[in-house]
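Here are the chains, one letter per residue:
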Amino acid sequence: MTLLEIKNLHLQFNSDEGLALVLDGINLKVQKGETLGLVGESGCGKSVTGMSILQLVPTPPGEITQGEIIFDGENLLGKSTKEMREIRGRKIAMIFQDPMVSLNPVYTIGNQIAEAIDLHQPKGISSTWEGVVDSLASVQIADPASRAHNYPHQFSGGMCQRGMIAMMLSCRPSLLIADEPTTALDVTVQAQVLKVMADLQKELGMAVILITHNIGVVAETCDRVAVMYAGNIVETADVETLFENPQHPYTRGLLGSIPRADRDMNELTIIEGSVPNLTKPPQGCRFHPRCKEAMDICRQTKPTDLDLGDGHIVACHLYG
Amino acid sequence: MTTPETKPTSFWVRLQANRSWRKFIRHKPALFGLAIIILLILIAAFAPAIAPFGYETQDFSSIRLEPGANHLFGTDKFGRDVFSRVVYGSRIALMVASLVVVIELVIGVILGMLAGYFGGWVDSLISGFTDMVWAFPPLILALGFISAIGAGLVNVVVAIAITGWAPFARITRAKVLSMKEREFVEAGVAIGETDFNILIRYLLPTILAPNLVLATLTIPAAILMTSALSFLGFGAQPPSPDWGAILNEGREFLRDAWWISTFPGVAILITTLAFNFLGDGLRDVFDPKQTVK
Amino acid sequence: MACLDTKTLKRTSVFRYILKRLALSIPVILGVTLIAFLILYLTPGDPVINLLGARSTLEDQAALREKLGLDQPVLVQYGRWLANVVQGDFGKSILSKQPVMNAISSRIPFTLKLTLTAFLSSIVIGIPVGLLAAVKQNTAIDHISMGFAMFFYSMPDFWFGLMLTLLFSLTLHWLPVSGAYEPKSLVLPALALGLPKIGSIARLIRAETLEVMREEYTLTARAKGLSEWVIIFKHVLRNAAIPVMVMLFLSLPWLISGAVVIETIFAWPGMGQLMYQAILRKDFPVIQALLLIIAFLTVLFNLLGDIVSGLLDPRIRVN
């Protein structure tokens, strides 16, 4: 069952350098309870996609010009500010890259979790404080009752991120948007944070959009993957298909650029060129200047989404 | 050692960091300030051509005349043309303020660079001294010095300059501290550059921007302080057309000849506004995080 | 139990923090006394004559030379002078022949009344204006209030004082021109001193608020579903308050220094007017004492600002 569907989402930024078309017609589906990985290079629009679902992109400079975001059968873009506030934290939650700066330094962790619980009043909790302690326990913080009195600076990075997860999941949302949740953390605690997230996902039956540039994390945790490039989603498939049989030249380049133990080092490919300036995006397919297989049509016409079967969708003229 | 950025900066941070020179060109208040400053400099440069009368020219047949066609800003108790005096006063205001700021800049940059670069007891000594000077409100310390060395415009410049360098020393020290760990400086040390060369050729260029911003923002403060001291009678002495001095002379006639004190004050306000607008713009461009007051 | 433990822990850390700040300000205070002491030596002429006045008797001069130890090295002289100062003995005013502390103590309440009134009125107006500008960033409200703030920020306060007199006393005859004979007398000097400060306070509040609004925890608060008002008043203001408190405490001594000019214009019988008169008449003992008192107040407010920010900031308070 589809929980979230983004249809033809366009978003632009008014910057000093001009108008940047940051999201250029995004289509994305998230099923109930699944984990969707959203991958791509830095600056491709992954974070903006996540933030635009909750309408957290500041306006100005950001502006959604076209498209629909359908969540639980309702278009979020038609909602009032007040209605959106009731969805944030209650039905859709979000966590961010750097947990050390994502928690307010002057309030205790418990205070910040209690704030979410008091605001949304989730069912099945006898008291706010109990909810706070339970949610800290659920992210495996030892001695949660006294740890709730701690300030963020008394937590380690991994604990802060687990605290964020506890806070955001205390109201049992049906969708969690996790924006690079482990990027800022030590490698040793990354796995622990991902496991806490996965356990809670199973328990709450929640869907997760995992925004990351780390292909390894995707392989371990995601059911399906969407690959983004310069404001477009170029390929979507379930995780096995994508790794076994990538179709879009960009996806192939991206997968090729991670060194793998089972492959010869000579095979390591690096995509040449850099991410285009979105105030002056290339005509046609935005990837064509870096694409080894670019054809004439790629320079003129933007490719449309093509269903290769089993939900494997690719936007590339090679298959048209 | 700095390494190339490996972690992607978050979208949020990238959004905030979108600043450039274009921002200055689009910064209307800053351009407005710059235009006024250029105009003021032209007025000061061409004062004899602009002013219809000399700043000392007395005319006892036209004492305390209201503003009118002949005397745009009226005349004072000696029949001097207030407009001409205000025009000539711009020379004093701009020169005194620039002189004060240049002296403060030199003292502050030298002490700040020494403290930041050598560290250790040099730093403790200089920073301690900076803190002490900082502890006095500058006007009070300047008054203290004037009480010792006497009134007069030159003494005012000296008094303000030797009490006002502390902010320059602080930002220079902070900048040097952050820059001396950078690769290019360490490379200079590695190839055996002398301390003097490192300070002048490697570090000095990096501290210019924040000091330029601070200098622009210090000029209005210097103008306010010199004119306040002249207003109190400790600065420029009659018949100087210093704006503060004109204001002081007009004070006793406030009831009957409001124009004598009013127009030099407007001139001060316009000048300080212009420099503050420009300084704000420069700060937005160069130093968005700068908060030294 | 756990709750009690963390509370006692908090208290000891605050205490330690305050002690540390106190210890750090001792050298500054000492240095300040040194500067005030040395100003006398910068003055041309015999320090004894400077301190006693030209018309003093030779016996008095000899007595003071002995008391200050002027035949001793400068450091010893400073030590003796400091010992006297610590006991509140700044010598006698050249003009009034009264002990300096007597002359000053009658003036302190006037200056406090003036500066505190000015301070409070500038806060009461400056904080909401700056906050409004930050919340409505880049709108007409922001531009207008920041233009207004810049106008006051650039204002020469002595001229502003004269203009207020011109309007409210000489033209409208609502308020007295000068003196401190009736409660109404306070209005003009307080406005002249306080209104220009609105500019710097509003600009400071706006800058700090915007800074906090850019922090990621503000984004987190929004992602939680909190309303803008809760975000502003609970999450943003509480953080912005930390640097703002420090700056407000720091700005009090600036108000006292502004009082020199304003008190002179309005003949307000406070420390500022006394300073002006003392400088005009070279009354060195009074100048030294005032310099020290103002510098001491500056260091004190600086310290208070740091302590308050320490109390507000758990990153300093805890651990």
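Residues numbered from 1 in each chain as written. Chains lettered and ligands numbered in written order. Predicted model: local features only at pLDDT ≥ 70, side-chain atom pairs only at ≥ 80, totals over all residues.

It is worth spelling out the overall build of chain B at this point. A tally of helices and strands in chain B yields 13 helices and zero strands. The principal-axis extents of the C-alpha atoms in chain B amount to approximately 80 × 45 × 30 Å. Residues counted as buried form 48% of the 293 residues belonging to chain B. Residue pairs in contact within chain B that sit at least 24 positions apart in sequence constitute 70% of those at least 6 positions apart. (Helix = DSSP H or I, 4+ residues; strand = E, 2+ residues; numbered from the N terminus. Buried ≥ 20, exposed ≤ 12 C-beta atoms within 10 Å, placed from the backbone. Contact = placed C-beta atoms within 7 Å.)

This part is about the overall build of chain A. When helices and strands are counted, chain A shows 12 helices and 12 strands. By the compact-globule yardstick of 20 Å for 320 residues, chain A fits well, its C-alpha radius of gyration being 20 Å. Each principal axis of the C-alpha atoms in chain A carries an extent, and together these give about 65 × 50 × 40 Å. Of all 320 residues assigned to chain A, the portion counted as buried reaches 47%. For chain A, the proportion of contacts with a sequence separation of at least 24, taken over those separated by at least 6, is 63%. (Rg over C-alpha atoms; globule rule 2.2 N^0.38 Å.)

As a further point, take the packing of helix α11 (residues 228-266) of chain C against helix α13 (residues 284-312) of chain C. Residue and element names in this part refer to chain C. Interhelical geometry of α11 versus α13 gives an angle of 170 degrees and a closest axis separation of 8 Å. Classified by the interaxial angle, the pair formed by α11 and α13 is roughly antiparallel. Between α11 and α13, the residues in contact are Ala-241, Ile-242, Met-245, Val-246, Phe-249, Leu-250, Leu-252, Pro-253, Ile-256 and Ser-257 and Ile-294, Leu-297, Thr-298, Phe-301, Asn-302, Leu-304, Gly-305, Asp-306, Val-308, Ser-309 and Leu-312, respectively. The class makeup of the residues in the contact of α11 with α13 is 15 nonpolar, five polar and one charged. (Axes fitted to C-alpha atoms, helices over the stretch in contact; angles between N-to-C directions. Parallel < 35°, antiparallel > 145°, perpendicular 65-115°, else oblique. Nonpolar A, V, L, I, M, F, W, Y, C, P; charged D, E, K, R; others polar.)

The next subject is the interface of chain C and chain A. Tallying the contact residues gives 21 residues for chain C and 25 residues for chain A. Among the elements that make up the side of chain C that touches chain A, the one with the highest residue count is helix α10 (residues 216-223) of chain C (six residues). Each residue belonging to the side of chain C that touches chain A can be placed in one class, and the counts come to seven nonpolar, seven polar and seven charged.

On to the sheet that holds strand β1 (residues 2-15) of chain A, then. Residues and elements named next belong to chain A. Here we have four strands laid out as an open sheet, ordered β2-β1-β4-β5, and antiparallel in their pairing. Looking at the sheet topology across the chains shown, the edges are occupied by β2 (18-31) and β5 (74-75). Note: β1 against strand β4 (residues 62-71), eight bridges, orientation antiparallel. Paired with Leu-4 across the two strands is Phe-71, which belongs to β4. On the sheet, helix α1 (residues 46-53) packs against β1, β2 and β4 and is oriented at approximately 70 degrees with respect to β2. (Pairing = 2+ DSSP bridges.)

The next point concerns the environment of Gly-273 of chain A. All names here are of chain A. Structurally, Gly-273 is set in the loop between α11 (249-256) and α12 (296-300). Sequence-wise, Gly-273 and Pro-289 are 16 residues apart; in three dimensions their C-alpha atoms are separated by 7.8 Å. In this structure, Gly-273 is in contact with Pro-289 and Arg-290, ignoring residues within four places of it in sequence.

Turning to helix α12 (residues 243-251) of chain B, a few remarks are in order. Burial of α12 of chain B is extensive: eight of the nine residues sit out of reach of the surface. Within α12 of chain B the residues assigned to the buried category are Trp-243, Gly-244, Ala-245, Ile-246, Leu-247, Asn-248, Glu-249 and Gly-250 of chain B. The inward-facing, buried residues of α12 of chain B contact α5 (82-118), α11 (195-231) and α13 (258-286) of chain B together with α8 (157-171) of chain C.

Let us look at the interface of chain C and chain B. Each partner contributes to the interface: chain C provides 40 residues, whereas chain B provides 36 residues. A class-by-class count of the residues in the side of chain C that touches chain B yields 30 nonpolar, seven polar and three charged.

This part takes up the pairing of strand β8 (residues 207-212) of chain A. Residue and element names in this part refer to chain A. The buried count for β8 comes to six of six residues, which makes it a mostly enclosed element. Burial along β8 is two-sided: the face carrying Ala-207, Ile-209 and Ile-211 and the face carrying Val-208, Leu-210 and Thr-212 are both buried. Sheet topology places strand β3 (residues 35-39) next to β8; five bridges connect them, and they run parallel. Counted as the bridge partner of Thr-35 is Val-208 from β8. One ladder, built from five bridges, connects strand β7 (residues 175-179) with β8; its direction is parallel. Across the sheet, residue Ala-178 finds its bridge partner in β8, namely Leu-210.

Moving on, we get to the confidence of the model for chain B. Residue and element names in this part refer to chain B. A residue-level look at chain B finds 90% of positions with pLDDT of 70 or above and a mean pLDDT of 84. Below pLDDT 50 for its whole length, residues 1-9 participates in eight contacts with residues either more than four positions away or in separate chains. What the predictor reports for the complex is a pTM of 0.82 with an ipTM of 0.85. (pLDDT = per-residue confidence, 0-100.)

Residue and element names in this part refer to chain B. For Phe-234, the position within the fold is in the loop between α11 and α12. Taking C-alpha positions, Phe-234 is 28 Å from Phe-46, a pair spaced 188 residues apart along the chain. In contact with Phe-234, not counting residues within four places along its chain, are Ile-146, Ala-151, Val-156 and Leu-229.

Attention now moves to unusual backbone geometry. Here the amide bond leading from Pro-238 of chain B into Pro-239 of chain B is cis, since omega sits at 5 degrees, within 30 degrees of zero. Residue position: Pro-239 of chain B is located in the loop between α11 and α12.

A separate point is the nonpolar core. Residues Ile-165 and Val-227 of chain A, Ala-142 of chain B together with Leu-290 of chain C are the most contacted members of the largest nonpolar core, which totals 258 residues. Broken down by element, this core gets its largest block of residues, 20 residues, from α11 of chain C. Two domains each put at least three residues into this core: domain 1 (24-105 + 270-294) and domain 2 (108-267) of chain C. Every residue in contact with Ile-165 of chain A, bar those within four places of it in the chain, is listed here: Ile-95, Val-139, Val-196, Met-197 and Leu-200 of chain A. (Core = buried A, V, L, I, M, F, W, Y, C linked by C-beta atoms within 7 Å. Domains from an automatic or database assignment.)

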